Amino acid sequence: MVQEIRARDLAAALADTAAESPVLLDVREAWEVQLCMIPGSLHIPMNLIPLRMSELPDAPIVVICHHGVRSAHVARFLLDAGFEQVLSLAGGVEAWAAEVDPQMARY
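Residues numbered from 1 in each chain as written. Predicted model: local features only at pLDDT ≥ 70, side-chain atom pairs only at ≥ 80, totals over all residues. Heavy atoms only, no water.

Right, let's get into the UniProt feature "domain: Rhodanese" (unreviewed entry) in the protein. Summarizing the sequence annotation, UniProt attributes the feature "domain: Rhodanese" (unreviewed entry) to residues 18-105 in the numbering used throughout. Spanning residues 18-105, this segment combines 34% helix with 16% strand, and its end C-alpha atoms are found 30 Å apart. (UniProt positions renumbered as here; feature names shortened; annotations may be inferred. Helix = DSSP H or I, 4+ residues; strand = E, 2+ residues; numbered from the N terminus.)

This is the structure:
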């Protein structure tokens, strides 16, 4: 089972300047990212993860999609590939917009 992080907990982790910030890996399609994106996210579409996972640093990773389904699949893939600290954003950018950034565009 892939571990999840809730939007408010992720926001708190990102605001904590004393802690190491996780890599925010957005796996949505380009058209989705054009609509909205959590600032500082690295965009690699889900279908390109196998080809580009060497670009990911050895650091905690939070995988992000629209509602949390694709991110859970990618997180499982990364864990199976040997990455050790991978979480999925529960509820995706939709939860982020609802709980953290109500100004974020929603779709």
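Spatially, five strands are ordered β1-β5-β4-β2-β3 in an open sheet, and the strand pairing comes out parallel. Lying at the two open borders of the sheet, with one neighbouring strand each, are β1 (4-5) and β3 (42-43). Across two bridges, the pairing between strand β2 (residues 23-26) and β3 is parallel. Within β3, the residue paired with D26 across the bridge is H43. Contacts from helix α4 (residues 69-80) reach β2, β4 (61-64) and β5 (86-89) within the one sheet, and its direction differs from that of β5 by about 175 degrees. (Pairing = 2+ DSSP bridges. Contact = heavy atoms within 4.5 Å. Axes fitted to C-alpha atoms, helices over the stretch in contact; angles between N-to-C directions.)

With that out of the way, let us pick up the nonpolar core. Judged by nonpolar contacts, the single largest core of 16 residues is most densely connected at L25, V63 and L78. Of all elements in the fold, only β2, β4 and α4 reach the threshold of two or more residues within this core. Of the residues forming this core, the biggest block, three residues, is contributed by α4. The residues contacting L78, other than those within four sequence positions of it, are L25, I49, M53, L56, V63, F83 and V86. Ranked by size, the runner-up nonpolar core spans 15 residues in total, among them A7, L10, C36 and W96. (Core = buried A, V, L, I, M, F, W, Y, C linked by side-chain atoms within 4.5 Å. Buried < 20%, exposed > 50% of the residue type's maximum accessible area, 1.4 Å probe, protein only.)

The next point concerns the pairing of β5. Moving residue by residue along a regular strand, the side chains alternate between the two faces of the sheet. Here β1 runs beside β5; their pairing, made up of two bridges, is parallel. Bridge pairing links I5 to L89 in β5. As paired elements, β4 and β5 share three bridges and run parallel to each other. Opposite V63, over in β5, you have S88 as the bridge partner.

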